[in-house]
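# Notes for the structure review
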Number of protein chains: 2
Amino acid sequence: MTTSELAEPRTPRRREVIPEATVARLPLYLRALHTLADEGTQTVSSEALAEASGVNSAKLRKDLSQLGSYGTRGVGYDVTHLISQISRELGLSRRCSVVLVGVGNLGRALAGYGGFASRGLAIDALLDADRAMTGEQIAGMTVRHIDDLAQVVVPGSIGVIATPASAAQEVCDLLVGAGVTSILNFAPTVLNVPADVDLRKVDLSIELQILSFHEHRKSLA
Amino acid sequence: MTTSELAEPRTPRRREVIPEATVARLPLYLRALHTLADEGTQTVSSEALAEASGVNSAKLRKDLSQLGSYGTRGVGYDVTHLISQISRELGLSRRCSVVLVGVGNLGRALAGYGGFASRGLAIDALLDADRAMTGEQIAGMTVRHIDDLAQVVVPGSIGVIATPASAAQEVCDLLVGAGVTSILNFAPTVLNVPADVDLRKVDLSIELQILSFHEHRKSLA
DNA sequence: ACGCGCTTGTGAACGCGCGCACAAAGTCAG
DNA sequence: CTGACTTTGTGCGCGCGTTCACAAGCGCGT
Ligand SMILES: NC(=O)c1ccc[n+]([C@@H]2O[C@H](COP(=O)([O-])OP(=O)(O)OC[C@H]3O[C@@H](n4cnc5c(N)ncnc54)[C@H](O)[C@@H]3O)[C@@H](O)[C@H]2O)c1
Ligand SMILES: NC(=O)c1ccc[n+]([C@@H]2O[C@H](COP(=O)([O-])OP(=O)(O)OC[C@H]3O[C@@H](n4cnc5c(N)ncnc54)[C@H](O)[C@@H]3O)[C@@H](O)[C@H]2O)c1
């Protein structure tokens, strides 16, 4: 409750800081919105969009209010407008460079995956330490040697690690050294990064173990 | 504070219900413990194990106390004992059957992945709707047609969906129909399941978008 | 035998996120 | 123009999870 709270009641309250939980759901909404847009839907209520996204409708409204989005009471949200707002917030307007390190079984699957290409995110470069692989064409890209890392990284690049766990920290350090500040790690290891680097991990072994736990629990109920 | 609280002060307080957040970290501890065991370490302090797992040490201790695990004050935890305790809690003692549906780019990578085999979890069956693939040998397993689903599912099986999004709900329904109550979904769709079915999802498109968001934020700081 | 130092286990405070429930605000029909 | 209906935006209480900080406990050296 500072001094000037009645001064600007009409200003869209774009939150300076968006809660992490909200950020994690925006892509979900975005996907649902694209589906709706493809079906020709113009307008959607929070109830319907929440249903399509698999979340609570109050949560959805609160999330959208965070980004200053204005729906229309009695009507709902404009699908196209919402798409562009969320896209802008996620930084998907300007295409984002993604660099993949480790072109093995998993790396090849990722390289050929078109799922994010449609949303402004696409893998731009493939790197591997194996010289036998250098020059190979995969999904329209040429595999380059890891030594060329500095040449493919641009400011704002996202790094993806799909190497064996034993090489992950080393690759991570190389990425950080090249200026990458956002890393997605598929290797089952704890990685150490400077505080200014964002690190996320995907570990399906962990996912399976969590499911195993619940399955185990059910069996002894 | 019920009546008999002083009666059994020595009973290991095995929690009847373990918090979800704790369950999600147990596999992390398990991995770190296996590494320690391989190095011949006998005993580990909460501080050291927390460091190796990338978590706070107080959190680690609270997590372990949940499963009634007893460390020794002044010494730490017995590595071997802790491994068997966590493994038992996660249900990894008795090998757990995993059924993979959708043998495409991603499915093949998963099929050949040995990362969970070492921890009591391994894929037992590969299923696909494409008849041209039926009978093919992948990673020592024969691809079977999706119609054979009921024959490969056993009570306690975990289902993994790696089909295109358009087929995911249909496959999901088939799995549920066959008695599967734990599903891991890689397709970018919201799946509807009965309340008694555990559903987890892995969506790297979402992971990338979250990273994109933070990268975007940094750029306009 | 006994105290010293190390480490566990946990009480308590805090902050975040969730979801209910409702008032405010807008639409649309007549 | 008015009133009824629809849907948003959010205040509020609650429960979960995280972390600090410390007392209790255990081993070891003397
Ligand atoms: N395959 C899967 O389904 C799967 C699933 C989950 C996690 N993972 C994890 O993903 C990672 C990759 O798995 P994979 O099956 O593709 O392994 P892989 O062995 O098939 O491929 C690893 C690739 O990394 C390259 N590499 C090794 N060291 C490197 C370095 N220092 N710099 C650059 N490249 C290097 C290798 O040349 C190889 O091409 C592993 O950590 C694995 O645990 C894989
Ligand atoms: N490839 C990746 O790196 C990647 C990454 C993230 C997510 N995904 C998701 O994982 C899923 C699979 O991706 P992919 O690249 O392996 O696709 P893909 O097209 O290569 O493989 C899909 C497989 O599913 C099979 N299939 C289709 N309908 C089926 C049905 N009804 N029953 C059983 N099998 C059926 C197809 O025959 C095919 O073999 C997709 O939903 C994709 O969005 C893929």
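Every chain is numbered on its own, with residues counted from 1 as its sequence reads. By the order in which they are written, chains take letters starting at A while ligands take numbers starting at 1. Local features are withheld for residues below a pLDDT of 70 in this predicted model, meaning they are given only at 70 or higher, and side-chain atom pairs are given and counted only at 80 or more; totals for whole chains, interfaces and linings count all residues. With hydrogens and water stripped out, all remaining heavy atoms of the structure feed into the side-chain values.

The next subject is the relation of the copies chain A and chain B. Once chain A has been moved 0.0 Å along the axis and rotated by 180°, it coincides with chain B to within an RMSD of 0.0 Å. Considering both components of the superposition, the chain copies are consistent with a two-fold axis. A share of 100% of the interface residues of chain A reappears at the interface of chain B, consistent with the copies meeting face to face through the same patch. Each copy is superposed on the other by least squares, with the fit set by C-alpha atoms of residues at a pLDDT of at least 70 in both. Residue contacts follow a heavy-atom distance rule, with two residues in contact if any of their heavy atoms lie within 4.5 Å.

Let us now look at the pairing of strand E8 (residues 182-185) of chain A. Each regular strand shows side chains that alternate between the opposite faces of the sheet. Exposed residues in this analysis have more than 50% of their type's maximum accessible area, buried residues have under 20%, and partly exposed residues fall in between, with area computed by a 1.4 Å probe over protein chains only. Here a strand is any run of E in DSSP of at least two residues, a helix any run of H or I of at least four, and the numbering for each starts at the N terminus. The alternating pattern of E8(A) places Ser182(A) and Leu184(A) on one face and Ile183(A) and Asn185(A) on the opposite face, and all of these are buried. Classification remark: right-handed applies to a crossover when, strands pointing away from the viewer, the course from the first strand over the helix to the second runs clockwise. Each parallel crossover has a hand, and the one from strand E7 (residues 158-161) of chain A via helix H7 (residues 165-177) of chain A to E8(A) is right-handed.

The next subject is the sheet that holds strand E6 (residues 141-145) of chain A. Residues and elements named next belong to chain A. For two strands to count as paired, DSSP must find a minimum of two bridges between them. The strand order across the open sheet formed by seven strands is E5-E6-E4-E3-E7-E8-E9, and the pairing between neighbours is mixed. The open sheet has two edge strands with one neighbour each: strand E5 (137-138) and strand E9 (198-201). Inspection of the sheet shows strand E3 (residues 96-101) paired to E7 by four bridges, in the parallel sense. Along E7, the bridge assignment pairs Val99 with Gly159.

This brings us to the pattern of salt bridges. Any Lys or Arg side-chain nitrogen found within 4 Å of a carboxyl oxygen on Asp or Glu counts as a salt bridge. Under the criterion given, the structure shown has 20 salt bridges over all chains. Put simply, Glu215(A) and Lys218(A) hold a salt bridge, and the shortest N to O gap is 3.7 Å. Linking Glu215(A) with Lys218(A), this pair stays in helix H8 (residues 204-219), spanning three residues, or about one helical turn. Residue classification places Glu215(A) among the buried positions, given a relative accessible area of 6%. Residues Asp63(B) and Arg25(B) are paired through a salt bridge, measuring 2.6 Å at the closest nitrogen-oxygen approach. Linking Asp63(B) in helix H3 (residues 57-66) with Arg25(B) in helix H1 (residues 20-38), this pair joins segments that are 38 residues apart in sequence. By relative accessible area, Asp63(B) is classed as buried at 3%.

Our next topic: the confidence of the model for chain A. The predictor rates its confidence in each residue with pLDDT, a number between 0 and 100. Averaged over all residues, the pLDDT of chain A equals 91, while 91% of them reach at least 70. A low-confidence stretch, residues 1-11 of chain A (pLDDT under 50), is modelled with two contacts involving residues beyond four sequence positions or located in other chains.

So, about the interface of chain A and chain B. How large an interface is tends to be reported as the accessible area lost when its parts come together. Of the residues lining the interface, 63 residues belong to chain A; the matching set on chain B comes to 63 residues. Reported buried area values correspond to the accessible surface (1.4 Å probe) lost by two parts on association, with both partners' losses combined. Roughly 5,600 Å² of surface becomes buried between chain A and chain B when both sides are summed, with 62% attributable to carbon and sulfur atoms. If you sort the residues of chain A by the area they bury against chain B, Leu208(A), Gln209(A) and Leu211(A) come out on top, with a joint share of 12%. Summed over the shared surface of chain A and chain B, the number is eight salt bridges. A 3.5 Å cut-off defines polar contacts: any pair of N or O atoms within that distance qualifies, except that in protein one atom must be a possible hydrogen donor and the other a possible acceptor, and neighbouring residues in sequence count only when both atoms are side-chain atoms. Along the contact surface separating chain A from chain B lie 24 residue pairs in polar contact (both at pLDDT 80 or more). Of all the elements in the fold, those that place two or more residues in the side of chain A that touches chain B are helix H1 (20-38), helix H2 (46-53), helix H4 (79-90), helix H5 (105-111), E7, E8, E9 and H8 of chain A. Of all the elements, H8(A) adds the most residues to the side of chain A that touches chain B, at 16 residues. Lys, Arg, Asp and Glu make up the charged group, whereas Ala, Val, Leu, Ile, Met, Phe, Trp, Tyr, Cys and Pro make up the nonpolar group; the residues left over, Gly among them, are polar. A breakdown of the residues in the side of chain A that touches chain B according to their chemical character gives 31 nonpolar, 16 polar and 16 charged.

The subject of this paragraph is the domain arrangement of chain A. Residue ranges for the domains trace back to a domain assignment, done automatically or taken from a database. Under the domain assignment used here, chain A contains domain 1 (20-89) and domain 2 (96-206). Centre-to-centre, using C-alpha coordinates, domain 1 of chain A lies 31 Å away from domain 2 of chain A.

All right, on to the site of ligand 2 then. Any residue with at least one heavy atom within 4 Å of a molecule or strand is counted as near it. Residues in close proximity to ligand 2 total 24 residues, the closest being Tyr113(A), Leu106(B), Asp128(B), Thr163(B) and Leu204(B). Neighbouring residues of ligand 2 are not confined to a single chain but are spread across chains A and B. Note that an oxygen atom of ligand 2 is positioned 3.0 Å from one of the backbone N or O atoms of Ala109(A). Here an oxygen atom of ligand 2 sits 2.7 Å away from a polar atom, N or O, in the side chain of Tyr113(A). Counting residues per element, the ones that place at least two in the shell around ligand 2 are H5 of chain A together with helix H5 (105-111) and helix H7 (165-177) of chain B. When grouped by side-chain class, the residues that make up the shell around ligand 2 number 17 nonpolar, four polar and three charged.

Here the focus is the environment of Asp78(A). All names here are of chain A. With respect to the helices and strands, Asp78 occurs in strand E2 (residues 77-78). Overall, the relative accessible area of 37% leaves Asp78 in the partly exposed class. Placed 45 residues apart in sequence, Asp78 and Ile123 show a C-alpha to C-alpha distance of 31 Å. Excluding anything up to four places from it in sequence, Asp78 contacts Gln42 and Thr43.

Next up on the list: the sheet that holds strand E8 (residues 182-185) of chain B. Read from one edge to the other, the open sheet built from seven strands follows the order E5-E6-E4-E3-E7-E8-E9 (chain B), with strand pairing classed as mixed. Strands with a single pairing partner mark the edges of an open sheet, and in this sheet they are strand E5 (137-138) and strand E9 (198-201) of chain B.

Let's shift gears to H7(A). All names here are of chain A. The end-to-end C-alpha distance of H7 is 19 Å, a good match for the 18 Å that 13 residues give at a rise of 1.5 Å each. Residues of H7 that are buried include every one of Ala168, Val171, Cys172 and Leu175, and no others. Along H7, the residues classed as buried sweep out an arc of 110° about the axis, all on the same side. Turned more than 90 degrees from where H7 packs its buried face, Ser166, Glu170 and Gly177 sit exposed. Of the surrounding secondary structure, the elements contacted by the buried residues of H7 are E3, helix H6 (149-152), E7 and E8. Once H7 ends, the next one or two residues include Gly179, with phi positive near 105°. Take the number of residues in a helix, subtract one, and multiply by 1.5 Å to get its expected span. This arc corresponds to the set of directions leading from the helix axis out to the C-beta atoms.

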